[in-house]
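Working through the structure, step by step
Given next are the chains, with one letter for each unit.
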Amino acid sequence: MRQPLVAGNWKMNGSRDSINDLLDGILAGIDSVEKAEVAVCAPYVYLSQVADKLSGSAVAWGSQNVNDNESGAFTGEIAASMLKDFGCKYVIVGHSERRTIYGETDADVTRRFMATQAGGFIPILCVGELLEEREAGTTNEVVARQLDAVINEAGIAAIGNCVIAYEPVWAIGTGKVATPEQAQEVHAMIRSKLAGLDADVAAKVQILYGGSMKPDNAKELIGMEDIDGGLIGGASLKAEDFLGICTAAN
Ligand code: 13P
């Protein structure tokens, strides 16, 4: 049985004060979340604050990216060794905003994925198609290509120690959520593709759905056979909404 995971991706949002309030709100309600694991992925500059606040609690935390180099002349980038100082458990890699706005390629994402694991963190590997790719009927090909890039370099065993997040780009921040059936179809494709390589890995890897997940649609989505939780953007910025999704995952 796979444990559900609900992870917040705060993206480029928050301030010292708002994060303090948000975490207070989450901690106040976390006891009602019995079965799901809960995590938040914060902007780098707030990781220290998040670590201080959440250490010893039931909530894990992580970053939203990492550079694949150990150190050196990479202005504006963050190394895995730096994340270690802040007790991160997770690192999001390959988010569609990184791929589409900042031009990260499948090869870049693969290197960052491998740096994440080498640093001792669990990558949350994001995959998903653009609207035009869905309309062209190439969703499965796109997602398979994004996965293959990582599997071909890191090996199938590495997938056994990661979380996959299927995030259809057209559903992110748009309020246009994929139907549970649409999401399940892609999740099932991912799992059966992995099963063709390693049945144990396929059975154990958590596959999250991301894209306009809210308290009122979370239960139906997470209730689908191959949907093991959510990667939450907008709704992770309000404690009540985020907790609503976490309890739905119970
Ligand atoms: P929204 O929940 O705001 O649609 O964002 C989803 C997402 O991109 C999480 O990584």
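Look a little higher up for the structure.
Residues numbered from 1 in each chain as written. Predicted model: local features only at pLDDT ≥ 70, side-chain atom pairs only at ≥ 80, totals over all residues. Heavy atoms only, no water.

Turning our attention to the pairing of strand β2 (residues 37-41). Burial of β2 is extensive: 5 of the 5 residues sit out of reach of the surface. Side chains E37, A39 and C41 project from β2 onto one buried face, and the interleaved V38 and V40 project onto a second face that is buried too. Direction of pairing for strand β1 (residues 5-9) relative to β2: parallel, over a ladder of 5 bridges. Paired with L5 across the strands is E37, a residue of β2. Summarising the sheet, β2 and strand β3 (residues 59-63) pair through 4 bridges and their orientation is parallel. Bridge pairing links V40 to W61 in β3. Of the crossover connections in this fold, the one passing from β2 over helix α2 (residues 47-54) to the parallel β3 is right-handed. (Buried < 20%, exposed > 50% of the residue type's maximum accessible area, 1.4 Å probe, protein only. Helix = DSSP H or I, 4+ residues; strand = E, 2+ residues; numbered from the N terminus. Pairing = 2+ DSSP bridges. Right-handed = clockwise from strand over helix to strand, strands pointing away.)

This paragraph deals with the site of the ligand. By nearness alone, every residue bordering the ligand is listed as N9, K11, H95, E167, A171, I172, G173, G211, S212, L231, G233 and G234. Note that an oxygen atom of the ligand is positioned 2.8 Å from one of the side-chain N or O atoms of K11. Residue G233 places a main-chain N or O atom 2.9 Å away from an oxygen atom belonging to the ligand. In the complex, the protein chains occlude 96% of the 310 Å² of accessible area that the ligand would expose alone. Grouping the amino acids of the shell around the ligand by side-chain chemistry returns 3 nonpolar, 7 polar and 2 charged. (Near = heavy atom within 4 Å. Polar contact = N/O pair within 3.5 Å; in protein donor to acceptor, adjacent residues only side chain to side chain. Areas by Shrake-Rupley, 256 points an atom, 1.4 Å probe, with all protein chains shown as cover. Nonpolar A, V, L, I, M, F, W, Y, C, P; charged D, E, K, R; others polar.)

It is worth spelling out the nonpolar core at this point. One recurring pattern in soluble globular proteins is that nonpolar side chains are buried together. Of all hydrophobic cores here, the largest spans 68 residues; its most connected members are I26, I159, I164 and I190. For this core, the element with the highest residue contribution is helix α12 (residues 239-248), accounting for 6 residues. Ignoring any residue separated from it by four or fewer positions in sequence, one finds I164 in contact with L125, V127, L147, I159, I190, L194, V205, Q206, I207 and L208. Counting residues in each nonpolar core, the second largest holds 14 residues, with A39, C41, A165 and L208 among its members. (Core = buried A, V, L, I, M, F, W, Y, C linked by side-chain atoms within 4.5 Å. Contact = heavy atoms within 4.5 Å.)

Moving on, we get to the sheet that holds strand β4 (residues 90-93). Pairing in this closed barrel of 8 strands is parallel, and the strands run β1-β2-β3-β4-β5-β6-β7-β8 around the ring. Put simply, the sheet's adjacent strands are angled 25° from each other on average, direction ignored. (Axes fitted to C-alpha atoms, helices over the stretch in contact; angles between N-to-C directions.)

The next thing to look at is the pattern of salt bridges. Note on pairing: side chains with opposite charge can pair once their charged atoms come close. Taken as a whole, this structure holds 15 salt bridges when the rule is applied. E104 serves as the salt-bridge partner of R112, at 3.8 Å between the closest nitrogen and oxygen. Accessibility expressed as a relative area gives 10% for R112, which makes it buried. What makes E104 buried here is its relative accessible area of 7%. Close ionic contact of D148 with K193 constitutes a salt bridge, the shortest N to O distance being 2.7 Å. (Salt bridge = Lys/Arg side-chain N within 4 Å of Asp/Glu carboxyl O.)

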